[in-house]
Amino acid sequence: MFNSNSTKTQSINQIGKTIPALSSKAFIKQVNYTSTTKGLQTSAIYPTLANLTHCLCPVEILGLGNRMFQFATHFAVARSKGMRLIISKHSELNRIFKLHDIDLWDNITICSKFTVRLEKQNCAYDKNLLNFNSSQNIRLFPCLQSYKYFDNYTTELRKQFTFRDQIPQEAENDLNQIIKRHNIGSRRDITLVGVHVRRTDWLNNPHGYNVATPQYMTKAVQYFKSKYQNVMFIVSSLDLPWTRANMPNNTKVEYLSNPQREVIVATLSLCNHTITTVGSFGWWIGWLTGGEVTYFKWPAVEGTDLRKQYSKDYSDYFYPNWIGL
């Protein structure tokens with residue numbers, strides 16, 4: 001998430017000006033676009049503010065989980081307001097996911113001239129953020145980490161967040177090798193729980209980040225073991241020594257070694273359920289998996305700058321059916 005002490009909601013960039021909207025046909029003709037199955041890609045001529053309106057363009061910052069939040073919010077706002085969503089075709093998201101029915105551009109330099117609207121809190125819903133005229137060109141900033149921005153468009157978003165073919169192939173292969181090592185007939189014969197443990201970059205952080213405790217890990221593991229039969233935990237973490245030391249005994253566990261974060265997300269999302277700890281990366285693993293999700297209830301230290309970025313009870317960030325422990 002982005003550390004910001006600002007609570008302003010007004011636009012902070014007033015470069016753009018309101019101009020009449022162009023029809024789709026006229027727009028494409030003026031800026032020399034070529035229509036493709038991936039959206040609209042620019043060719044030699046790039047648009048200017050004089051012929052561009054009704055567009056959204058996220059500021060893609062920080063890690064993959066943050067970028068997914070930024071995309072998801074802009075995607076939902078574009079759908080709800082009848083606007084066009086612009087993404088660089090060279091972006092990490094387009095490299096990982098089969099993004100479609102949006103505008104994928106070779107060059108998104110013009111987005112820097114869009115009007116920027118700043119949210120009140122990084123991890124809470126701000127309804128005033130969306131109070132703008134759709135004829136403008138807008139960037140919402142910075143982190144947009146609330147499911148409430150895009151909850152009405154989850155079906156469409158799941159299609160957007162479809163992995164490119166080689167990624168799920170690697171993920172399937174990793175899981176099949178695990179199943180084979182344990183002499184399990186098929187995945188139908190076992191309940192797989194994906195576990196993502198985030199610690200390294202949150203330890204000793206001055207802004208108020210909390211990390212999950214050993215007690216949380218025990219509670220989360222026991223929750224699934226008590227509810228389901230024949231449970232195996234598929235674990236990923238950059239701090240494997242701590243994670244290995246704090247996974248409960250007498251538990252069937254496998255640790256992922258693939259260093260590619262998109263493969264980690266894809267592999268864990270193939271599980272039935274999820275244990276998250278803290279951070280947006282784990283949040284999206286839980287969202288993509290779609291089963292039961294547990295989370296550490298205190299991701300921020302009370303009284304810190306980070307705690308102020310969440311709503312009072314964290315309800316804008318965590319889904320109400322997710323299980324806080």
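Computed from a predicted structure; not experimentally measured.

What about the overall build of the protein chain?
Within the protein chain, the secondary structure is distributed over nine helices and 13 strands. With 325 residues in all, the protein chain has 56% of them scored as buried. Taking the intrachain contacts of the protein chain between residues at least 6 apart in sequence as the baseline, contacts between residues at least 24 apart amount to 71%. Here the protein chain has roughly 14800 Å² of accessible surface; of this, 48% comes from carbon and sulfur atoms.

Points about the environment of Tyr216
Residue position: Tyr216 is located in helix H6 (residues 214-227). For the pair Tyr216 and Thr294, spaced 78 residues apart in sequence, the C-alpha separation works out to 9.6 Å. Reaching out from Tyr216, the side chain makes a polar contact with the side chain of Thr294 at a distance of 3.0 Å.

Points about unusual backbone geometry
Following Phe141, the chain continues to Pro142 via a peptide bond in cis, the omega torsion being 0 degrees. Looking at the secondary structure, you find Pro142 in the loop between strand E7 (137-141) and helix H4 (154-160). With phi around 60 degrees, Leu144 is a residue other than glycine that occupies positive phi space. Position of Leu144 among the secondary structure elements: in the loop between E7 and H4. For Leu144, a relative accessible area of 0% gives the class buried. Not every positive phi belongs to a glycine, and Asn230 is a case in point at roughly 50 degrees. Topologically, Asn230 is positioned in the loop between H6 and strand E9 (231-237). Residue classification places Asn230 among the partly exposed residues on the basis of a relative accessible area of 39%.

Some remarks on the packing of aromatic side chains
Under the definition given, this model contains 29 aromatic pairs. Between the aromatic rings of Phe71 and Phe75, the centroid separation amounts to 5.9 Å while the plane-to-plane angle is 25 degrees, which identifies the pairing as stacked. Taken together, the positions of Phe71 and Phe75, both in helix H2 (residues 64-81) and four residues apart, correspond to about one turn of that helix. Classification of Phe71 by relative accessible area gives buried; the value is 1%.

A word on the confidence of the model for the protein chain
Confidence in the prediction for the protein chain averages 86 pLDDT; 85% of positions are at 70 or higher. Taken as a whole, residues 3-45 scores under 50 in pLDDT and shows 89 contacts with residues more than four places along the chain or in a different chain.

Examining the side chain of Glu254
Turning to its location among the elements, Glu254 is positioned in strand E10 (residues 253-255). In this structure the side chain of Glu254 is engaged in a polar contact, spanning 2.9 Å, whose partner is the side chain of Arg181. At 2.7 Å, the side chain of Glu254 forms a polar contact with the side chain of His182. Apart from residues no more than four positions distant in its own chain, Glu254 is found in contact with Ile178, Arg181, His182, Met232, Phe233, Ile234 and Val235.

Here's the deal with the pairing of strand E4 (residues 84-88)
In terms of residue burial, E4 counts as a mostly covered element, since five of its five residues are buried. Along E4, one buried face is formed by Arg84, Ile86 and Ser88 and the opposite face, lined by Leu85 and Ile87, is buried too. Here strand E3 (residues 55-56) runs beside E4; their pairing, made up of two bridges, is parallel. The residue of E4 that forms the bridge with Leu56 is Leu85. Between the parallel elements E3 and E4, the chain passes through H2 in a crossover that is right-handed. Relative to strand E5 (residues 103-105), E4 runs parallel, the two sharing three bridges. The partner of Ile86 across the bridge, within E5, is Asp103.

Thresholds applied
Residues numbered from 1 in each chain as written. Predicted model: local features only at pLDDT ≥ 70, side-chain atom pairs only at ≥ 80, totals over all residues. Heavy atoms only, no water. Helix = DSSP H or I, 4+ residues; strand = E, 2+ residues; numbered from the N terminus. Buried < 20%, exposed > 50% of the residue type's maximum accessible area, 1.4 Å probe, protein only. Contact = heavy atoms within 4.5 Å. Areas by Shrake-Rupley, 256 points an atom, 1.4 Å probe, with all protein chains shown as cover. Polar contact = N/O pair within 3.5 Å; in protein donor to acceptor, adjacent residues only side chain to side chain. Phe/Tyr/Trp six-rings, centres within 6.5 Å; stacked < 30°, edge-to-face > 60°. pLDDT = per-residue confidence, 0-100. Pairing = 2+ DSSP bridges. Right-handed = clockwise from strand over helix to strand, strands pointing away.

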